[in-house]
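# Inside the fold
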Amino acid sequence: MNTIMRKSVLSVAGLAFAGGVFAGPIAAHANPVDAKPVAAAVQSTAPKPQGEQSHITLNGEQTANVKAIIAATKKAGLPERAAVISIATSLQESKLENLGHLGDANDHDSLGLFQQRPSSGWGTPEQITDPAYSTTAFLKGLKQVDGWQDMPLTEAAQTVQVSAYPDAYAQWEQQATDLVGQYWNS
């Protein structure tokens, strides 16, 4: 090994040792409860769920609709956060049930997972009650919202849906996040 190379190696080794000597006493007194895992640095910057959270137990149809929303989100090339917003919106609008016309119990002509209205231009009744189509229509609206990735879920959902209850979407964020975590890679 030539002299320059040997000096370089010894310098790096010396710096590493010195760093350990100085950092060691500090690290020895660190409170392990306050330690943050390295993975936290790469986690999503999406806002945390706001307010009291709701939860329902899903049946087979509702689970199939979760999977359809996730598949449509992936097909659209959007990230998991879009699926979380979509599922939370559908939980609020229909409890993940693909609703047909409910007569007097229906809000105008709202249909499907997202309670979209043919009269508002969301599509035909047949399209709106197709989970893949209705999700794609919702995602198309979401993509038009500047900064949707970083805004509170309820604000992103409300901007697309224009609901009479704009804050209601927030209560489903944790369950939607859990569902996406469970089914995104399956």
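See above for the structure.
The paragraphs below set out a description of the structure included in this document. Keep in mind that this is a model prediction, so the values were computed, not measured.

## Quick look at the overall build of the protein
A count of helices and strands for the protein gives seven helices and zero strands. Relative to all contacts within the protein whose residues are 6 or more apart in sequence, the contacts with residues 24 or more apart total 60%. Only carbon and sulfur atoms are counted for the fraction: they give 58% of the accessible area of the protein, which is about 11,000 Å².

## Notes on the nonpolar core
Counting residues in each nonpolar core, the largest one holds 32 residues, and the members touching the most others are V66, I70, I85, I87, L96, L142 and W148. Among the elements of the structure, α2 (60-75), α3 (80-94), α5 (131-143), α6 (153-161) and α7 (173-183) are those that each provide at least two residues to this core. Once residues lying within four places of it in the same chain are set aside, the contact partners of W148 are L78, P79, R81, A82, I85, L142, K143 and A156.

## A word on the side chain of D109
Structurally, D109 can be placed in the loop between α3 and α4 (125-128). Separated by 2.7 Å, the side chains of D109 and R117 make a polar contact. For D109, the side chain forms a polar contact with the side chain of S119, separated by 2.9 Å. Ignoring anything within four residues of it in the chain, the contact list for D109 reads Q116, R117, P118 and S119.

## Description of the pattern of salt bridges
Evaluated as defined, the whole model comprises two salt bridges. For the salt bridge of R81 with E173, the shortest nitrogen-to-oxygen distance reads 2.7 Å. Here the residue R81 occupies a position in helix α3, and E173 occupies one in helix α7, the gap between them amounting to 92 residues. With relative accessibility at 3%, the residue E173 sits in the buried group. With a closest N to O distance of 2.7 Å, R117 and D109 form a salt bridge. On the accessibility criterion, R117 (25% relative accessible area) is partly exposed.

## Considering unusual backbone geometry
Of note in the backbone geometry, L96 takes a positive phi value of approximately 65° without being a glycine. For L96, the location among the structural elements is in the loop between α3 and α4. Even without glycine at this site, V162 takes up a positive phi of about 55°. For V162, the location among the structural elements is in the loop between α6 and α7.

## Regarding the packing of aromatic side chains
Throughout the structure, instances matching the rule amount to one aromatic pair. Its end group placed over the ring of W184, K74 keeps NZ or CZ at 5.0 Å from the ring centre.

## Considerations on the packing of α2 against α5
Packing of α2 against α5 brings their axes to within 9 Å, and their N-to-C directions diverge by 50°. The angle between the axes of α2 and α5 places the two elements in the oblique class. Note on packing geometry: the crossing formed by α2 with α5 is right-handed. Only P131, A132, T135, T136 and L139 of α5 make contact with α2, whose side of the interface consists of N65, A68, I69, A72 and T73. Counted by class, the contact of α2 with α5 contains six nonpolar, four polar and no charged residues.

## Things to note about the side chain of Q115
Along the chain, Q115 falls in the loop between α3 and α4. Q115 sits in the buried class, given a relative accessible area of 14%.

Rules of the game
- Residues numbered from 1 in each chain as written.
- Predicted model: local features only at pLDDT ≥ 70, side-chain atom pairs only at ≥ 80, totals over all residues.
- Heavy atoms only, no water.
- Helix = DSSP H or I, 4+ residues; strand = E, 2+ residues; numbered from the N terminus.
- Contact = heavy atoms within 4.5 Å.
- Areas by Shrake-Rupley, 256 points an atom, 1.4 Å probe, with all protein chains shown as cover.
- Core = buried A, V, L, I, M, F, W, Y, C linked by side-chain atoms within 4.5 Å.
- Buried < 20%, exposed > 50% of the residue type's maximum accessible area, 1.4 Å probe, protein only.
- Polar contact = N/O pair within 3.5 Å; in protein donor to acceptor, adjacent residues only side chain to side chain.
- Salt bridge = Lys/Arg side-chain N within 4 Å of Asp/Glu carboxyl O.
- Phe/Tyr/Trp six-rings, centres within 6.5 Å; stacked < 30°, edge-to-face > 60°.
- Lys NZ or Arg CZ within 6 Å of the ring centre and 35° of its normal.
- Axes fitted to C-alpha atoms, helices over the stretch in contact; angles between N-to-C directions.
- Parallel < 35°, antiparallel > 145°, perpendicular 65-115°, else oblique.
- Left-handed = near helix turned anticlockwise from the far one by under 90°.
- Nonpolar A, V, L, I, M, F, W, Y, C, P; charged D, E, K, R; others polar.

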